[in-house]
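Geometric and topological summary
The primary structure of each chain is shown beneath.
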Amino acid sequence: MTKGNQLYEGKAKKVFETDDPELLIVSYKDDATAFNGLKKGTIVGKGVINNRMSNLLMQRLQQADIPTHFVQELSDRETLVKRVTIVPLEVIVRNIAAGSFSQRYGVAEGVVFETPTVEFSYKNDALGDPLIGEYHAIAMKLATKEEIEIIKDYAFRVNDQLKSFWASCGVTLVDFKLEFGRLSDGTIVLADEISPDTCRLWDSKTGEKLDKDRFRRDLGGVEDAYAEVMKRLTEHL
Ligand code: UDP
C-alpha cells in the first residue's frame, strides 16, 4: 500500500490518500488541543498509544458486529482505514455525569445514570460544536432519520461492549465521543478514534482520571495516565 498525498490535517491526526481510492492512511500525532483549540500542547507518545488502542478496541467492536473503518495497523502511528465521508455529528454517550453535562445541568460530576444517554453535537469549529437535537440535524440534512437510528443503535452497542471491557481492566467508562462515516455505498460505519482523547476513563478503585481531562484541567501526569490505561488494556485483551 503506497502512501499518497496528504488529504487533511486535523488537531490530532493527518490523513493520506493511498493508491486505492477506497482506502486512506491515518497518522496519529502527539498534538493535543482542548476547549475548541484554545488550549494547545503535546502529550509525548500519545499518537502511538491512541493508534494502538483505537485499533484494538475497533477490532473488538467488529467482532461484536459493529462495522468500523478499521482495516490494518501499518506502524506505530499509522493505520489503513476505509475511506468515509464523516457524518458531521459528534455522538456522545454518557454513563456518569461529567464535563459539559455537569456544567450545563448543574449535576455533580460522578452521578451515575440508571441508563446511558446519547446526544449529538454539530461538528462545526466556527460554531464551537454546538449541541444539536435530532430533528434539527435531520432538517439540516446532516443525516437522515434512518441514519440517526442506526447511529444511536451502534452507539449504545459500543457502550455495552466498551463498558464491560474497561470494567474488566479496572477502569470505569464515564463517557465518550464517537464519529460515524458513510462508505461509498452509503453504509454507516464507526470511524475516527476511540482513545483517552475521546473517552473519560476513571480508575474503578480510586476514581483517578486516566484520560485527556488531565491535560484539559492541568492535573499533571498526562503521559503516565495514557500509558497506564494502555497497560491495563493490553493485560486484559
Ligand atoms: N469529547 C471529544 N471531543 C470533543 C468533545 C467531547 O472527544 O470535541 C469527548 C470527551 O473526551 C468526553 C465526552 O466526549 O469523553 C463528553 O464530553 P463533554 O460533552 O462532557 O465535553 P467536554 O467536557 O470534553 O468539553
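Below: a short report on this structure.

What counts and how
- Residues numbered from 1 in each chain as written.
- Predicted model: local features only at pLDDT ≥ 70, side-chain atom pairs only at ≥ 80, totals over all residues.
- Heavy atoms only, no water.
- Phe/Tyr/Trp six-rings, centres within 6.5 Å; stacked < 30°, edge-to-face > 60°.
- Buried < 20%, exposed > 50% of the residue type's maximum accessible area, 1.4 Å probe, protein only.
- Lys NZ or Arg CZ within 6 Å of the ring centre and 35° of its normal.
- Helix = DSSP H or I, 4+ residues; strand = E, 2+ residues; numbered from the N terminus.
- Near = heavy atom within 4 Å.
- Polar contact = N/O pair within 3.5 Å; in protein donor to acceptor, adjacent residues only side chain to side chain.
- Areas by Shrake-Rupley, 256 points an atom, 1.4 Å probe, with all protein chains shown as cover.
- Nonpolar A, V, L, I, M, F, W, Y, C, P; charged D, E, K, R; others polar.
- Salt bridge = Lys/Arg side-chain N within 4 Å of Asp/Glu carboxyl O.
- Pairing = 2+ DSSP bridges.
- Axes fitted to C-alpha atoms, helices over the stretch in contact; angles between N-to-C directions.
- Parallel < 35°, antiparallel > 145°, perpendicular 65-115°, else oblique.
- Left-handed = near helix turned anticlockwise from the far one by under 90°.
- Contact = heavy atoms within 4.5 Å.

The full count for this structure, using the stated rule, is 4 aromatic pairs. Plain terms: the ring middles of Phe 165 and Trp 166 are 5.9 Å apart, the flat faces sit at 55 degrees to each other, and that makes the pair tilted. Owing to a relative accessible area of 3%, Phe 165 belongs among the buried residues under this scheme. Its relative accessible area of 0% is what places Trp 166 among the buried residues. Aromatic rings pair up to connect Phe 101, Tyr 105 and Phe 113 into one cluster. Between Lys 39 and the ring centre of Phe 215, over which it is positioned, the NZ or CZ distance is 5.1 Å.

One non-glycine residue with positive phi stands out, namely Asp 65, at about 65 degrees. The topology assignment puts Asp 65 in the loop between helix H1 (46-63) and strand S6 (70-73).

This brings us to the site of the ligand. Residues in close proximity to the ligand total 14 residues, the closest being Arg 94, Ser 100, Asp 175, Arg 200 and Arg 216. Backbone polar atom of Thr 198 to an oxygen atom of the ligand: 3.4 Å apart, as the coordinates give it. Here the ligand loses 77% of its free accessible area of 500 Å² to cover by the protein chains. Its residues assigned to classes, the shell around the ligand shows 4 nonpolar, 3 polar and 7 charged.

Under the defined criterion, the tally for this structure stands at 30 salt bridges. The shortest N-O distance in the salt bridge between Arg 232 and Asp 203 comes to 2.5 Å. In this pair, Arg 232 is assigned in helix H6 (residues 222-235) and Asp 203 in strand S14 (residues 199-203), connecting sequence segments 29 residues apart. The exposure class of Arg 232 is buried, given its relative accessible area of 14%. Here the salt bridges do not stand alone but share partners, grouping Arg 94, Glu 109, Glu 119, Asp 175, Arg 200, Lys 209, Asp 213, Arg 216 and Arg 217 into one network.

In this section: the pairing of strand S13 (residues 188-191). Residue alternation in S13 divides its side chains into two sets, Ile 188 and Leu 190 and Val 189 and Ala 191, and both sets are buried. Relative to S13, strand S12 (residues 171-182) runs antiparallel, the two being bridged by 4 bridges. Looking across to S13, one finds that Arg 182 is bridged to Ile 188. Counted along the chain from S12 to the antiparallel partner S13, the turn is 5 residues long, and its residue Gly 186 has a positive phi close to 95 degrees.

Right, let's get into the packing of H1 against helix H4 (residues 145-168). Pairs of packed helices are described in terms of their axes, by the angle between the two and the distance that separates them. In the contact formed by H1 and H4, the axes pass within 10 Å of each other and the chain directions differ by 120 degrees. Viewed along their axes, H1 and H4 adopt a mutual orientation that is oblique. The hand of the H1/H4 crossing is right-handed. Listed contacts from H4 to Met 53, Leu 57, Arg 60 and Leu 61 of H1 are Val 158, Gln 161, Leu 162, Phe 165 and Trp 166. In terms of residue class, the contact of H1 with H4 is built from 7 nonpolar, 1 polar and 1 charged.

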